[in-house]
Amino acid sequence: MIYDMRDMLRHARAEGQVVASFELLGLDFLGGVLDAAQAVQAPVILGLCEARFRHGRFDLMMPSVLDAARRAGVPVAIHLERGRTIEAIGHALDAGCNGVMIDAPAAE
């Protein structure tokens, strides 16, 4: 189930909990991260780093990430890590990310 990252973090803070974030280096990481989160019934943030997904790989990976997050039995947020351009951040939000981190020194 996809949750808004802001709401997820607010809830965790109010309850004195933490939310783990894992950078997905590829789809092989996706199943392991979600299986572990479901095993302990904990919310999780799936991170996608812009620099690791050049040449359209982000667009190839995102549908699978969204599908897995929707089917997960725990709250899942999808986060773009180290976005380097406003265009990349807008693209990530349009594609389904609900959190972004701007890499300000690299931002144009």
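Look above for the structure.
One structure accompanies this document, and this report is about it. (Residues numbered from 1 in each chain as written. Predicted model: local features only at pLDDT ≥ 70, side-chain atom pairs only at ≥ 80, totals over all residues. Heavy atoms only, no water.)

Thoughts on the packing of helix 2 (residues 27-39) against helix 3 (residues 57-71)
Remark: helix 2 packs on helix 3, axes separated minimally by 11 Å, with the N-to-C direction vectors making an angle of 15°. With respect to helix 3, the element helix 2 is oriented roughly parallel. Our pair here, helix 2 against helix 3, has a crossing hand that is right-handed. Contacts from L27, L30, L34 and Q38 of helix 2 reach helix 3 at M61, S64, V65, A68, A69 and R71. (Axes fitted to C-alpha atoms, helices over the stretch in contact; angles between N-to-C directions. Helix = DSSP H or I, 4+ residues; strand = E, 2+ residues; numbered from the N terminus. Parallel < 35°, antiparallel > 145°, perpendicular 65-115°, else oblique. Left-handed = near helix turned anticlockwise from the far one by under 90°. Contact = heavy atoms within 4.5 Å.)

Some remarks on unusual backbone geometry
A positive phi angle, close to 50°, is found at Q41, a residue other than glycine. Residue placement: Q41 occurs in the loop between helix 2 and strand 2 (44-49). Look at Q41 and you get exposed, because its relative accessible area is 55%. (Buried < 20%, exposed > 50% of the residue type's maximum accessible area, 1.4 Å probe, protein only.)

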